[in-house]
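# Inside the fold
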Amino acid sequence: MKKKIKVLISACLLGDNVKYSGGNNLTPELVTLLEKYNVKIIKICPECFAGLPIPRVPSEIRGDKVFSKDSRDITEEFLIGAEKTYKVAKNKEIDFAILKERSPSCGSSFIYDGSFSGKTIQGQGFTARRLNKENIVIFSEENLEEIEKYLEELNK
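So, a few notes on the structure that sits alongside this text. The structure displayed is predicted, hence computed values, not measured ones.

The rules behind the values
Residues numbered from 1 in each chain as written. Predicted model: local features only at pLDDT ≥ 70, side-chain atom pairs only at ≥ 80, totals over all residues. Heavy atoms only, no water. Helix = DSSP H or I, 4+ residues; strand = E, 2+ residues; numbered from the N terminus. Rg over C-alpha atoms; globule rule 2.2 N^0.38 Å. Contact = heavy atoms within 4.5 Å. Lys, Arg positive; Asp, Glu negative; His and termini not counted. Charge placed at Lys NZ, Arg CZ, Asp CG, Glu CD. Core = buried A, V, L, I, M, F, W, Y, C linked by side-chain atoms within 4.5 Å. Buried < 20%, exposed > 50% of the residue type's maximum accessible area, 1.4 Å probe, protein only. Phe/Tyr/Trp six-rings, centres within 6.5 Å; stacked < 30°, edge-to-face > 60°. Lys NZ or Arg CZ within 6 Å of the ring centre and 35° of its normal. Salt bridge = Lys/Arg side-chain N within 4 Å of Asp/Glu carboxyl O. Pairing = 2+ DSSP bridges. Axes fitted to C-alpha atoms, helices over the stretch in contact; angles between N-to-C directions.

## Points about the overall build of the protein
Within the protein one finds five helices and eight strands. Starting at the N terminus and ending at the C terminus, the protein contains elements arranged as β-α-β-α-β-β-α-β-β-β-α-β-α. In summary, the protein has a C-alpha radius of gyration of 15 Å against a globular reference of 15 Å for 156 residues, a match within 12%. Once local pairs closer than 6 in sequence are excluded, the contacts in the protein between residues at least 24 apart make up 64%. Side chains of the protein carry 25 positive and 23 negative charges; the gap between the two charge centres is 4 Å.

## Description of the nonpolar core
The biggest cluster of nonpolar side chains holds 18 residues, and the ones touching the most others in it are Val7, Val39, Phe96, Ile98, Ile147 and Leu151. At the level of elements, strand S1 (6-10), helix H1 (28-37), strand S5 (96-99) and helix H5 (144-155) are the ones that each hand at least two residues to this core. Among the elements that make up this core, the one with the highest residue count is H1 (four residues). Other than its neighbours up to four places away in sequence, Leu151 contacts Ile5, Leu33, Tyr37, Val39 and Phe96. Ranked by size, the runner-up nonpolar core spans 13 residues in total, among them Ile94, Cys106, Ala128 and Ile138.

## As for the packing of aromatic side chains
Enumeration according to the criterion identifies four aromatic pairs in this entry. Between Phe78 and Phe126, the aromatic rings sit 6.4 Å apart at their centres with planes inclined by 75°, giving edge-to-face as the arrangement. Here Phe126 lies in helix H4 (residues 126-133) and Phe78 lies in helix H3 (residues 75-91), a separation of 48 residues in the sequence. The exposure class of Phe126 is buried, given its relative accessible area of 7%. Plain terms: the ring middles of Phe96 and Tyr150 are 5.1 Å apart, the flat faces sit at 80° to each other, and that makes the pair edge-to-face. With Phe96 in strand S5 and Tyr150 in helix H5, the pair connects residues that are 54 residues apart, well separated along the chain. Taken together through their ring pairs, the aromatic side chains of Phe96, Phe139 and Tyr150 make up a single cluster. The ring of Phe67 has Arg62 lying over it, and the distance from NZ or CZ to the ring centre is 4.4 Å. In this structure, Arg130 is placed above the aromatic ring of Tyr86, and the distance from its NZ or CZ to the ring centre is 4.2 Å.

## Some words on the pattern of salt bridges
Counted under the stated rule, the structure contains 11 salt bridges. Residue Lys36 pairs with Glu148 through a salt bridge whose shortest N-O separation is 2.5 Å. Linking Lys36 in helix H1 with Glu148 in helix H5, this pair joins segments that are 112 residues apart in sequence. Residue class for Glu148 comes out partly exposed when judged on its relative accessible area of 25%. Residues participating in the shared-partner salt-bridge network are Glu83, Arg130 and Glu134.

## Structural notes on the sheet that holds strand S8 (residues 138-140)
Read from one edge of the open sheet, four strands run S2-S1-S5-S8, paired in parallel fashion. In this open sheet, the two strands that pair with only one neighbour each are strand S2 (40-44) and S8. In this sheet, adjacent strand axes meet at a mean angle of 25° when their direction is disregarded. When S5 meets S8, the two strands line up parallel, connected through three bridges. Of the residues in S8, the one forming a bridge with Ala97 is Ile138. On the sheet, H5 packs against S5 and S8 and is oriented at approximately 165° with respect to S5.

Okay, structure coming up:
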């Protein structure tokens, strides 16, 4: 019997109200795709793992640090969240991750530029960097076609 594919996923993408605003980023097409392949879902929110409240002041990466919009340096919390997420990924032996694009934790290709103006730049959030360092394959919710191809490959 083939082992079930295990996917680490940003909880907000599945409808959990863990976003800084108290809302979520439910992506119905992603949920449908995951159901189609009957994967084992491991939900994470690095910012919640770090003990940050919901709702919370928005934060963005500037240089090698994370700052909240009210100018507090919360880099340490983001490092803690990234490390806890990595430990979950390792312990659960995940096959890959799907993380929220543009998040200061989970952005895998793009993040906000640190000016709180809505401008994005190429870059990775702290959790994506940590998982990347361990050679864990990461997709964002914006890469549904690539995710499906990867699931097809894993299912062979």
